[in-house]
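An overview of the molecular structure
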Amino acid sequence: MRAFRVAYDGRPFHGFQRQPDVPTVEGTLFSALRSLDVLAADAHRPDGYAAAGRTDAGVSAVAQTVAFECPDWCTPAALNSQLPGGVRAWASADAPPDFHATHDAVRREYVYFLYAPEAEIDDGRAREAFEVLRGEHDFHNLTPDDAGTVRTVDGDLRREGDFLVVRVEAGGFARELVRRLVSLVRAVGTGASPRSNVDRVLGPDSLDGPEGVPPAPATPLVLTDVAYPSLDFAVDPEAAATAREVFAERRIEGLTRARVAGAVLERLDGVDE
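Remember, it's a predicted structure, so these values are computed and weren't measured experimentally.

**Quick word on the overall build of the protein chain**
Each helix and strand in the protein chain was counted, giving six helices and ten strands. In terms of overall size, the protein chain behaves like a compact globule, its C-alpha atoms giving a radius of gyration of 20 Å where 273 residues would be expected to give roughly 19 Å. Considering only C-alpha atoms, the protein chain reaches an extent of 55 × 50 × 35 Å along its principal axes. Burial status across the protein chain gives 49% buried among its 273 residues. At a minimum sequence separation of 6, the contacts of the protein chain that also span at least 24 residues come to 75%.

Following this line, the structure appears as structure tokens:
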């Protein structure tokens, strides 16, 4: 059994979990394994396969973790030879035969990059809301799940320029929990929702419809870490180098797109209505 760390740009994918007829990260990984003859053409998935989590459509990752049975030559660099640029394996670890990438994870960490200039949000109010959400709570109003809603959440919130960087960690997460938590923090920080609404959300009554908390957009969210005390991941230098190159290029593309959009906006701002 071998475990792999995988980074990916989630924007082109309809989430991590394989689905018919749409591109997914998992489907892309399986296609690469078939190209390498690690996975038979008629096989549903590799032997022993499991993944740390099922990120939503548009969510990216630095340390998504997948594990499966494979030959020794199946290294991160070998995987990358058959993967598209936006999906990069970069480290691996030997795992015991009974290892399960989902169940054996003791901590998962997500970071959300919330665009929130200081003129638009009160950082103190946002932090106050976040502090109330930390700890063990029943988050049934922050997820569409009907079970597994009691979670112990930790993390922090810091300002980086025009962004509030919201780091959230837990043993595991209910669906959309991080994105809805960020949405609630933003609503309180901007004054769109009173501080007392956090207590209502954490209370026993279900809040649906206009009273509910919608998820924040998916693309600013990144799965940044998954912890396994029993594994010792070794970085594949060649694979890590190609991953850095890919994401450095994408960073430049993003900065360029932002500058172009800024130029268009500046010109439109000067147009009389």
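**Concerning the environment of Ala170**
Looking at where Ala170 falls in the secondary structure, it is placed in strand E8 (residues 163-170). C-alpha separation for the pair Ala170 and Tyr110, spaced 60 residues apart in sequence, amounts to 9.1 Å. Excluding residues within four positions of it along the chain, Ala170 makes contact with Arg107, Arg108, Thr152 and Val153.

**Re the pattern of salt bridges**
The final tally for this structure, using the stated rule, is 21 salt bridges. The closest approach of N and O atoms between Arg107 and Asp225, which form a salt bridge, is 2.6 Å. Residue Arg107 is located in strand E5 (residues 107-115), and its partner Asp225 is located in strand E9 (residues 221-227); the two are separated by 118 residues in the primary sequence. With a relative accessible area of 23%, Arg107 lands in the partly exposed category. When the shortest N-O distance is used, the salt bridge between Arg175 and Asp145 registers 2.5 Å. You can see Arg175 sitting in the loop between E8 and helix H4 (177-190) and its partner Asp145 sitting in the loop between strand E6 (135-138) and strand E7 (150-160), a full 30 residues away along the chain. Since its relative accessible area comes to 19%, Asp145 is described here as buried. Residues joined by salt bridges that share partners form a network here, namely Arg5, Arg107, Glu109, Asp156, Arg167, Glu169 and Asp225.

**As for the nonpolar core**
In this structure, Val66, Phe99, Leu133 and Tyr228 are the most contacted members of the largest nonpolar core, which totals 75 residues. The leading source of residues in this core is H4, at seven residues. In contact with Val66, not counting residues within four places along its chain, are Arg2, Ala3, Phe4, Val6, Phe16, Leu29, Tyr49, Ala50 and Ala51.

**Digging into the environment of Ser206**
Here Ser206 lies in the loop between helix H5 (196-202) and E9. On a C-alpha basis, the gap between Ser206 and Leu142 in space is 9.9 Å, while along the polypeptide they are 64 residues apart. Contact partners of Ser206, with chain neighbours within four places excluded, come to His140 and Asn141.

**Quick look at a nonpolar patch on the surface**
Together, Val260, Val264, Leu268 and Val271 make up a nonpolar patch on the protein surface, roughly 350 Å² of accessible area in all. Here Val264 is to be found in helix H6 (residues 237-269).

**Re the pairing of E9**
Within E9, five of the seven residues are buried, which leaves the element mostly enclosed by the surrounding structure. Two strands pair when backbone bridges link them, and E5 and E9 are joined in this way by six bridges, in the antiparallel orientation. For Tyr110, the partnering residue across the bridge sits in E9 and is Leu223.

**Focus: the pairing of E5**
Two faces make up the sheet, and in a regular strand the side chains alternate between them. As paired elements, E5 and E8 share eight bridges and run antiparallel to each other. Residue pairing in the sheet places Arg108 in a bridge with Ala170 of E8.

**Comments concerning the packing of helix H3 (residues 123-133) against H4**
Taken N-terminus to C-terminus, the directions of H3 and H4 make an angle of 140°; their axes are 7 Å apart at the nearest point. When the axis of H3 is compared with that of H4, the two are oblique. Crossing handedness for the pair H3 and H4: right-handed. In this structure, H3 uses Arg125, Ala126, Ala129, Phe130 and Leu133 to contact H4, whose residues at the interface are Leu181, Leu184, Val185, Val188 and Gly189.

**Digging into unusual backbone geometry**
Residues other than glycine seldom take positive phi values, yet Asp21 does so here, at roughly 70°. Among the structural elements, Asp21 can be located in the loop between strand E1 (2-8) and helix H1 (25-35). Phi angles above zero are rare outside glycine, and Asp37 is one such case at about 60°. For Asp37, the position within the fold is in the loop between H1 and strand E2 (50-51).

About the thresholds
Residues numbered from 1 in each chain as written. Predicted model: local features only at pLDDT ≥ 70, side-chain atom pairs only at ≥ 80, totals over all residues. Heavy atoms only, no water. Helix = DSSP H or I, 4+ residues; strand = E, 2+ residues; numbered from the N terminus. Rg over C-alpha atoms; globule rule 2.2 N^0.38 Å. Buried < 20%, exposed > 50% of the residue type's maximum accessible area, 1.4 Å probe, protein only. Contact = heavy atoms within 4.5 Å. Salt bridge = Lys/Arg side-chain N within 4 Å of Asp/Glu carboxyl O. Core = buried A, V, L, I, M, F, W, Y, C linked by side-chain atoms within 4.5 Å. Patch = residues over 30% accessible without salt bridge, like charges linked within 9 Å, V, L, I, M, F, W, Y side chains within 5 Å. Areas by Shrake-Rupley, 256 points an atom, 1.4 Å probe, with all protein chains shown as cover. Pairing = 2+ DSSP bridges. Axes fitted to C-alpha atoms, helices over the stretch in contact; angles between N-to-C directions. Parallel < 35°, antiparallel > 145°, perpendicular 65-115°, else oblique. Left-handed = near helix turned anticlockwise from the far one by under 90°.

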